[in-house]
Amino acid sequence: MSASDVIRWRVFLLVSLASGTMIGAMAQPTAAEEGKSLAFSKRCLMVNPNEGCAVADINKDGRPDVVAGTHWYAGPDFMPRPIREIPEFGPTSSGMDYLATNGDHPHDVDGDGWIDVIAGGWMEPEIYWYRNPGEAALAKGNLWERRLLKSTHGANEAYVLKDFDGDGVPELFVNCWNQGDPQVVWRLAKTPEGEPTLERIEIGPKSGHGYGFGDVNGDGREDILIETGWYERPESDVLARAWKFHPETALPHPSCPFLAVDLTGDGRTDLIWGKAHDYGLYWWEQGPPKPDGTTTWTEHEIDREWSQAHCLVWADLDGDGECELITGKRVRAHAGGDPGGNEPAVLYYYTWDKAARKFARHTIGAPGEGIGTGMQIVVADLNADARPDIVVAGKSGTWVLLNEGVRPAE
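Treat the numbers as computed from the prediction; the structure is a model and nothing was measured.

Draft legend 1. Representation of the confidence of the model for the protein chain. Summarising the model, the protein chain shows a mean pLDDT of 91, and 90% of its residues fall at 70 or more. Ignoring residues within four places in sequence, the model shows residues 1-31, a span with pLDDT below 50, making 48 contacts including any to other chains.

Below is the structure:
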């Protein structure tokens, strides 16, 4: 174990002890919050610069496990087991502040029945898959074998596994921060020797920081949204032709992902987005289209009290049939160089009031608790109690947040 690993383990132990290992202090509502809030028990699994996380059944025991960068955490105890070593990079005034990975994407790449992990980095051109070694090696805590899927051009802000063509096998969607780079997805394929690889498919000539998926123009087909606009999904052969580009939804450096949902109930898709590297969380209301079909939008503010809403998730946390917005501060994005970058980590969910046409904020991780976000937020039922729980990973730690239901009245 390296000196840096020893330091991290000490920090991990201190954080775990301070939080009572599993149950931390319940975050209290602030003046900006309205109505009853959910309570969450909180456990920090690891402190390191990793910013990706996922949930999958890694050891085939029927229970969800957490994957987060260098380790996987077997449920229900979530003790760490190694997956891979990830180099650090920087430097910053305080030392190395990044791991060379921008997310974790579980998928059985080789079809052997064991969930593997696909991962790459921001500037590294290589996309790798890490082969799940199976029951015996998992029990021993062995590192997973790293295998190359493809070498790309780098400058990849985020990846997401998504089945675009409906064949049951996801493609790897790549979001590039360079607006002039083409928008690309990669289809999982085999080399002539039968080894897993990726096949490049170009959707269109423009890209840009941030992405979302939704039916923008109401034609019943899911489109792709990026920083510079949106791509209209064709009627057929979706991975065999270019998608038509529309610029009117261009957003200033939005979240990865942002959301496309019908908030008002008028049948038109609206957008929820944050400034990924600045203050501001907003929703855009879609109005009637222009005669030529161009979409129209009106901006509404949700919250400007904290910065770097880099990742947004839409899920029903309280079981009322309506989804909530889950997001929070990406910790030390750009090594703390963004506006508000060194302010305390926070994690919130927002309930939507359709009649009042506004969001109300509720605290999951309050300032001072050290619960922020990185590149991914995952919602899943981790303990089989029928309540959705939350996993976040960022530079203030990898956290499991168990949903305890509505907080009792004070």
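Having put the structure on the table, let's press on.
Draft legend 2. Up close: the packing of aromatic side chains. Within the structure shown, the criterion is met by 18 aromatic pairs. Ring centres of Phe 164 and Phe 213 lie 5.9 Å apart, and the angle between their planes is 70°; this geometry places the pair in the edge-to-face category. Of the two residues, Phe 164 is situated in the loop between strand 12 (156-162) and strand 13 (171-176) and Phe 213 in strand 16 (residues 211-214); the sequence distance between them amounts to 49 residues. Across the pair, exposure class does not vary: Phe 164 and Phe 213 are buried alike. Their ring planes at 75° and their centres at 5.2 Å tell us that Phe 173 and Phe 213 sit as a pair that is edge-to-face. Highlighted residues: Phe 173 in strand 13 and Phe 213 in strand 16, separated in sequence by 40 residues. Summarising the burial analysis for this pair, Phe 173 and Phe 213 share the class buried.

Draft legend 3. The nonpolar core, seen in detail. One finds Phe 164, Phe 173 and Ile 224 to be the most contacted residues of the largest nonpolar core, which totals 23 residues. Breaking this core down by element, the ones donating at least two residues are strand 7 (98-99), strand 12, strand 15 (196-204), strand 16 and strand 17 (223-226). Residues contacting Ile 224, with those up to four places away along its chain left out, are Phe 164, Phe 173, Ile 203, Gly 212, Phe 213, Gly 229, Trp 230, Tyr 231 and Trp 243. Within the second largest apolar cluster, 18 residues are counted, among which are Cys 311, Val 313, Ile 364 and Val 392.

Draft legend 4. The sheet that holds strand 12, seen in detail. Judged by pairing direction, the sheet is antiparallel, and its four strands sit side by side in the order 12-13-14-15 without closing on themselves. Two strands in the sheet have a free side with no partner beyond their single neighbour: strand 12 and strand 15. Strand-to-strand twist in this sheet, taken as the mean axis angle between neighbours without regard to direction, amounts to 25°. The sheet contact formed by strand 14 (residues 183-190) and strand 15 spans eight bridges and is antiparallel. Bridge pairing in strand 15 places Ala 189 opposite Thr 197.

Draft legend 5. Spotlight on the sheet that holds strand 30 (residues 397-406). Read across the sheet, four strands follow the order 1-30-29-28 without closing on themselves; strand pairing throughout is antiparallel. On the outer flanks of this sheet lie strand 1 (38-46) and strand 28 (377-380), each paired with one strand and no other. In this sheet, adjacent strand axes meet at a mean angle of 20° when their direction is disregarded. Relative to strand 30, strand 29 (residues 389-394) runs antiparallel, the two being bridged by five bridges.

Draft legend 6. The arrangement of the pattern of salt bridges in detail. Within the structure shown, the criterion is met by 23 salt bridges. The closest approach of N and O atoms between Glu 51 and Lys 395, which form a salt bridge, is 3.7 Å. Taken as a pair, Glu 51 in the loop between strand 1 and strand 2 (54-56) and Lys 395 in the loop between strand 29 and strand 30 lie far apart in primary sequence, 344 residues in all. A single burial state applies to Glu 51 and to Lys 395, both of which are buried. Through salt bridges with shared partners, a single network forms among Glu 51, Asp 97, Arg 330, Arg 332 and Lys 395.

About the criteria used
Residues numbered from 1 in each chain as written. Predicted model: local features only at pLDDT ≥ 70, side-chain atom pairs only at ≥ 80, totals over all residues. Heavy atoms only, no water. pLDDT = per-residue confidence, 0-100. Contact = heavy atoms within 4.5 Å. Phe/Tyr/Trp six-rings, centres within 6.5 Å; stacked < 30°, edge-to-face > 60°. Helix = DSSP H or I, 4+ residues; strand = E, 2+ residues; numbered from the N terminus. Buried < 20%, exposed > 50% of the residue type's maximum accessible area, 1.4 Å probe, protein only. Core = buried A, V, L, I, M, F, W, Y, C linked by side-chain atoms within 4.5 Å. Pairing = 2+ DSSP bridges. Axes fitted to C-alpha atoms, helices over the stretch in contact; angles between N-to-C directions. Salt bridge = Lys/Arg side-chain N within 4 Å of Asp/Glu carboxyl O.

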